[in-house]
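# Overview (structure and organization)
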Amino acid sequence: MTWVEECFSPEAKRFKRAIRKLQAKLKPLCAKVRNEYSTERLQEDFQQGLVDLMQDQEEDHPDPSAPAELPEHQLDVFCISANDYLKATRIKSGSDGDPACFTNPADTNVPDLCAHVVNTTRLRRLAAEKAALSAASDLLNGAILYVGDAGNSSDGMGQRSQDAFGAEMSELGLCIERHAANAVAGMSQRVNLALKPAIAAGVGKAKQSGLKIAESWGSKDRRTKQQKNGGGLYWSTYNATVRRNGCFTSGSAGQIDFNQELADPVEADMSGTWDRTMNAMLIESINLSEVLVRDACSQANSRVADRLRKAGFPAERVEPMRKQVDQVVGSHLTSSIGKLKEFVTSQQ
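So, here is what we can say about the structure in this document.

## Things to note about the overall build of the protein
Secondary structure summary: the protein contains 8 helices and 2 strands in total. Along its sequence from the N terminus, the protein presents helices and strands in the succession α-α-α-α-α-α-β-β-α-α. Taken over 348 residues, the protein has a buried fraction of 25%. A separation of at least 24 residues holds for 68% of the contacts in the protein among residues at least 6 apart in sequence. Carbon and sulfur atoms make up 59% of the accessible area of the protein, which amounts to about 23,300 Å² in all.

Below is the structure:
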C-alpha cells in the first residue's frame with residue numbers, strides 16, 4: 001500500500017474524524033484556560049500599577065493623609081467571545097458559519113458581562129426610583145396635613161406660628177452658612193497641602209521633559225498608530241498637526257495630540273494625589289457636611305415644634321407636622337447632596 005492509499009484509507013479517515021472531535025473539545029478548554037490566565041494577569045498588573053503609582057507619589061512629595069497601605073482592588077475583567085455568542089444565540093444568521101470556539105453562550109462570558117453592567121447601573125436606578133417614591137410620599141403626606149388643618153387655624157395662631165418659624169429659620173440659615181464655610185475652608189486646606197505641591201512638582205518635570213518630547217517629534221524613528229506618545233512624524237504630518245493647534249489624526253501615525261503629550265508628565269506626577277484629594281477627601285468632606293446640616297435641620301425643626309406647642313397649638317397636630325418636615329427636609333437634602341457629588345465628579 002502506497003503512502004497515498006494509507007492517507008486516504010478508511011482507517012486513516014476514522015482517525016482524522018476522531019482527532020477533529022478531540023480538537024473540538026480541546027479548543028474551548030484551552031480558551032477558558034487562556035481567559036483565566038489573562039484575567040489574573042490583568043488584575044495583578046492593575047493592582048501593581050496602583051502600588052507603583054502611589055510609591056512614586058510618596059517618593060516625590062509625601063502626603064501625610066495618604067493611607068499607609070493601598071487596599072487591594074479586584075478589577076472586574078471579562079474575556080468575551082462576542083462573535084461566538086452571536087452565532088450560538090442565532091443572532092447572526094447561519095450563513096456566517098458555526099461558532100469558532102464556544103457553542104454554549106454562557107462560555108463566551110457575554111452573559112456575565114451583561115449581568116455586571118446591570119448590577120453596576122442598578123444602584124443608580126434604585127436611587128432614582130427611591131427619590132421619586134419619596135417625593136410622591138412627601139406630596140401625599142403634605143396634602144393630608146393640609147386637608148386636616150383646613151379651617152382649624154385662627155389668624156392669631158397663624159401669626160404666632162409664622163413668628164416661631166421665622167426666628168428658627170434665621171438661626172438655621174446662619175448655622176448652615178457656618179458649616180458650608182468650614183467645609184470650603186477644609187477643602188481648600190487639603191488642596192493647598194496635598195494637591196498644589198504635586199501639581200508644582202509635575203510642572204517642574206514637564207519643563208524638564210518638554211524639550212525632549214518636542215525633539216522626538218522630529219526623530220527619524222517614526223511613530224506608529226499603536227505608539228500613543230512620542231516618536232517621529234513625517235514633515236507633512238507634523239505641519240498638519242501644528243496648523244491644527246497640536247491635534248490631528250494621521251493615516252500613518254493615528255491620533256496625535258501634542259498638548260496631551262506635553263501635559264502627560266504633569267498628570268502622571270499628580271494623578272495619585274489628585275484621586276486622594278479630589279475624589280476621596282472632597283467626598284468625605286461633603287458627607288461630613290451632610291451629617292452636620294441634617295442634624296442642624298432636625299434640631300431647628302424640633303425647636304419650631306416646641307415653640308408651636310408653647311404658643312397653644314395642640315400636640316396631636318404639631319407632632320405629625322414635625323415628622324413630615326423631617327422627612328421632606330431629609331429627602332431634599334439627600335437629593336441636593338447627590339447632585340453636589342455628581343457636580344464635583346463631572347467637573348474633574
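## Remarks on the layout of surface pockets
The volume enclosed by the second largest pocket comes to roughly 370 Å³. The set of elements that each furnish at least two residues to the lining of the second largest pocket consists of helix 5 (155-216), helix 7 (258-310) and helix 8 (315-346). Ranked by residue count, the leading element in the lining of the second largest pocket is helix 7, at 6 residues. Class assignment of the residues belonging to the lining of the second largest pocket gives a composition of 13 nonpolar, 3 polar and 1 charged.

## Considerations on empty space enclosed by the protein
Applying the stated criterion to the full structure yields 1 cavity of 30 Å³ or more. Taken as a whole, the largest cavity spans an internal volume of roughly 40 Å³. Surrounding the largest cavity, Arg-222, Arg-223, Gly-232, Leu-233, Tyr-234, Thr-237, Ser-252 and Ala-253 form its lining. Of the residues belonging to the lining of the largest cavity, the class tally is 3 nonpolar, 3 polar and 2 charged.

## A closer look at the packing of aromatic side chains
Scanning all chains against the criterion turns up 3 aromatic pairs. The cationic tip of Arg-222 hangs over the ring face of Tyr-234; the distance from NZ or CZ to the ring centre is 4.5 Å.

## Quick look at the nonpolar core
Judged by nonpolar contacts, the single largest core of 17 residues is most densely connected at Leu-172 and Met-270. Among the elements that make up this core, the one with the highest residue count is helix 7 (9 residues).

## A few points about the pattern of salt bridges
Considering all chains together, one arrives at 9 salt bridges under this definition. Between Glu-171 and Arg-178 there is a salt bridge, with the nearest N and O atoms lying 3.9 Å from each other. For Asp-306, the salt bridge goes to Arg-309, with nearest N and O atoms at 2.5 Å. In this pair, Asp-306 and Arg-309 both sit in helix 7, 3 residues apart, roughly one turn of the helix. In this structure Asp-306 comes out as partly exposed when scored by relative accessible area, which is 35%. Residues joined in a network through salt bridges with shared partners are Asp-306, Arg-309, Glu-319, Arg-322 and Asp-326.

## So, helix 6 (residues 235-243)
Buried within helix 6 we find Thr-237, Ala-240 and Thr-241. Along helix 6, the residues classed as buried sweep out an arc of 100° about the axis, all on the same side. Within helix 6, the exposed residues directed more than 90 degrees away from the buried face are Trp-235, Ser-236 and Arg-243. Where helix 6 terminates, the next one or two residues include Asn-245, which has phi positive at roughly 60°.

## Here we look at the side chain of Arg-223
Positionally, Arg-223 belongs in the loop between helix 5 and helix 6. A relative accessible area of 5% means that Arg-223 is categorised as buried. A distance of 2.9 Å separates a polar atom in the side chain of Arg-223 from a polar atom in the side chain of Glu-261.

## Notes on a positive patch on the surface
Residues Lys-13, Arg-14, Lys-16, Arg-17, Arg-20, Lys-21 and Lys-25 make up a contiguous surface patch of positive charge. Judged by relative accessible area, which is 60%, Lys-21 ranks as exposed.

## Remarks on helix 8
End to end, helix 8 covers 46 Å across 32 residues, agreeing with the expected 46 Å (1.5 Å per residue, within 8%). Taken residue by residue, helix 8 has Arg-317, Val-318, Arg-322, Gln-324, Gly-330, Leu-333, Ile-337 and Val-344 as its buried positions.

Quick notes on the rules
Residues numbered from 1 in each chain as written. Predicted model: local features only at pLDDT ≥ 70, side-chain atom pairs only at ≥ 80, totals over all residues. Heavy atoms only, no water. Helix = DSSP H or I, 4+ residues; strand = E, 2+ residues; numbered from the N terminus. Buried < 20%, exposed > 50% of the residue type's maximum accessible area, 1.4 Å probe, protein only. Contact = heavy atoms within 4.5 Å. Areas by Shrake-Rupley, 256 points an atom, 1.4 Å probe, with all protein chains shown as cover. 1 Å grid on protein atoms, 1.4 Å probe; cavity = no way out; pocket = protein on both sides within 12 Å on 5 of 7 lines; lining within 4 Å. Points joined across faces, edges and corners; volume = space filled by probe spheres on them. Nonpolar A, V, L, I, M, F, W, Y, C, P; charged D, E, K, R; others polar. Phe/Tyr/Trp six-rings, centres within 6.5 Å; stacked < 30°, edge-to-face > 60°. Lys NZ or Arg CZ within 6 Å of the ring centre and 35° of its normal. Core = buried A, V, L, I, M, F, W, Y, C linked by side-chain atoms within 4.5 Å. Salt bridge = Lys/Arg side-chain N within 4 Å of Asp/Glu carboxyl O. Arc of directions from axis to C-beta. Polar contact = N/O pair within 3.5 Å; in protein donor to acceptor, adjacent residues only side chain to side chain. Patch = residues over 30% accessible without salt bridge, like charges linked within 9 Å, V, L, I, M, F, W, Y side chains within 5 Å. Lys, Arg positive; Asp, Glu negative; His and termini not counted. Charge placed at Lys NZ, Arg CZ, Asp CG, Glu CD. Expected span 1.5 Å × (residues − 1).

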